[in-house]
Amino acid sequence: MLPLVIAPSILSADFARLGEEVRAVEAAGADWIHFDVMDNHFVPNLTFGPMVLQAIKPWTKLKIDAHLMVEPVDALIESFADAGADLISIHVEATKHLDRSLRLIRQKGCEVGVVLNPATPVATLDCVLDQVDLVLLMSVNPGFGGQAFLPHVLDKIADVRARIDRSGRAIRLQVDGGVAPDTIGAVTKAGADTVVAGSAIFKKADYAAAVAALRAGAAA
Ligand code: DX5
Ligand code: ZN
């Protein structure tokens, strides 16, 4: 397994102070910055676009992990790559031509992620696993921070872990939604190596303590 990565979701940050918030979680020991893009069409919420990613880019040296919850997605893949995203993840339902969209992310020089919703079958990965760097399993229905972790996703994590191990490639397995000190242990035990945490970090007063509590929960 690859070393644990903790990616705070700035969906739960103070949007009026986004640059400072990003700098603060980097100082607190975060590994990546998770950037949740919502379009009020693929998901029922609206967040931020490539100009905001470009604005926060100078505030951090960490990898910016852009989770695109938008449909159609291809034009925005290009915009987010140009804005400075390091990794771009797209939902299988957000494009009619998943293979083409994943190749576009690669062509733009970014790492490639594919996202499965809680009800998306794992078999969807069969024809794309060889071209991705990361599989993201949603453990809530996308659209909002602060939702409860869906426990049935633990079986999916174990299933995808086995598929990644069989592939022999160093693909990261990321889990997003409801990850907190009390749920992260089950998530990493099932085989995830990368976790997103929004409210479990940004809704706490002490970000360093929040990141440390997640690492402790993962190790327990
Ligand atoms: C949900 C987003 C998540 C969300 C996680 O659609 O993709 O990244 O911000 O928030 P928490 O950790 O609060 O569940
Ligand atoms: Zn996300």
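In what follows, the structure referred to is the one given above.
Okay, so let's go over this structure. (Residues numbered from 1 in each chain as written. Chains lettered and ligands numbered in written order. Predicted model: local features only at pLDDT ≥ 70, side-chain atom pairs only at ≥ 80, totals over all residues. Heavy atoms only, no water.)

As a further point, take helix α8 (residues 207-219). The terminal C-alpha atoms of α8 lie 18 Å apart, and with 13 residues this matches the ideal 18 Å at 1.5 Å per residue to within 8%. Among the residues of α8, those classed as buried are Y207, A210, V211, L214, G217 and A218. The arc that holds the buried residues of α8, viewed along the axis, is 120 degrees, so those residues lie on one side. Among the structural elements, β1 (5-8), α1 (18-27), α6 (184-190), β8 (194-197) and α7 (199-202) are those in contact with the buried residues of α8. Where α8 begins, one side-chain oxygen reaches toward the backbone nitrogen of A208, 3.1 Å away; that side chain belongs to D206. (Helix = DSSP H or I, 4+ residues; strand = E, 2+ residues; numbered from the N terminus. Expected span 1.5 Å × (residues − 1). Buried < 20%, exposed > 50% of the residue type's maximum accessible area, 1.4 Å probe, protein only. Arc of directions from axis to C-beta. Contact = heavy atoms within 4.5 Å. Polar contact = N/O pair within 3.5 Å; in protein donor to acceptor, adjacent residues only side chain to side chain.)

Within strand β2 (residues 32-38), 7 of the 7 residues are buried, leaving the element largely enclosed by the surrounding structure. Of the two faces of β2, both are covered, the one formed by W32, H34, D36 and M38 as well as the one formed by I33, F35 and V37. Sheet analysis places β2 next to strand β3 (residues 63-69), joined by 7 bridges and oriented parallel. Looking at β3, one finds that F35 is bridged to A66. (Pairing = 2+ DSSP bridges.)

Moving on, we come to the coordination of the zinc ion (ligand 2). For the zinc ion (ligand 2), the protein coordination sphere consists of H34 (NE2), D36 (OD), H67 (ND1) and D176 (OD), at 2.0 to 2.3 Å. The coordination sphere of the zinc ion (ligand 2) comprises 6 donor atoms, whose angles at the metal cover 69 to 170 degrees; the geometry is octahedral. Donor residues binding the zinc ion (ligand 2) come from one chain and are separated in sequence as H-x1-D-x30-H-x108-D. A residue pair is termed long-range when its members are at least 10 positions apart, and D36 in strand β2 and D176 in strand β7 (residues 172-176) qualify at 140 residues. Taken individually, D36 and D176 each receive the classification buried, so the pair is uniform in this respect. (Donors = N, O, S within 2.8 Å, 3.2 Å for Na, K, Ca; no water. Tetrahedral: all angles 85-135°; square planar, octahedral: opposite > 155°, others 65-115°.)

The next subject is the sheet that holds strand β4 (residues 87-91). The strand order across the open sheet built from 8 strands is β1-β8-β7-β6-β5-β4-β3-β2, with neighbouring strands paired in parallel fashion. With partners counted over all chains shown, the strands left at the sheet margins are β1 and β2, one partner each. Across this sheet, the average inter-strand angle for adjacent strands is 25 degrees, counted without regard to direction. Pairing between β1 and β8: 4 bridges, direction parallel. Each bridged residue has a counterpart across the sheet, and for V5 the counterpart in β8 is T194. (Axes fitted to C-alpha atoms, helices over the stretch in contact; angles between N-to-C directions.)

On to the packing of aromatic side chains. Scanning all chains against the criterion turns up 4 aromatic pairs. Here the aromatic rings of F202 and Y207 are separated by 5.3 Å at their centres, their planes lie at 75 degrees, and the arrangement is edge-to-face. Pair check on accessibility: F202 and Y207 agree, each one buried. Three or more aromatic residues joined by ring pairs make a cluster, and in this case those are F15, F35, F48 and F80. (Phe/Tyr/Trp six-rings, centres within 6.5 Å; stacked < 30°, edge-to-face > 60°.)

It is worth spelling out the site of ligand 1 at this point. Taken together, 20 residues lie near ligand 1, and D36, G146, D176, G198 and S199 sit nearest. At a separation of 2.7 Å, an oxygen atom of ligand 1 approaches a polar side-chain atom of D176. Notes on ligand 1: free accessible area 380 Å², of which the protein chains cover 99%. For the shell around ligand 1, the secondary-structure elements that each account for two or more residues are β2, β3 and β8. (Near = heavy atom within 4 Å. Areas by Shrake-Rupley, 256 points an atom, 1.4 Å probe, with all protein chains shown as cover.)

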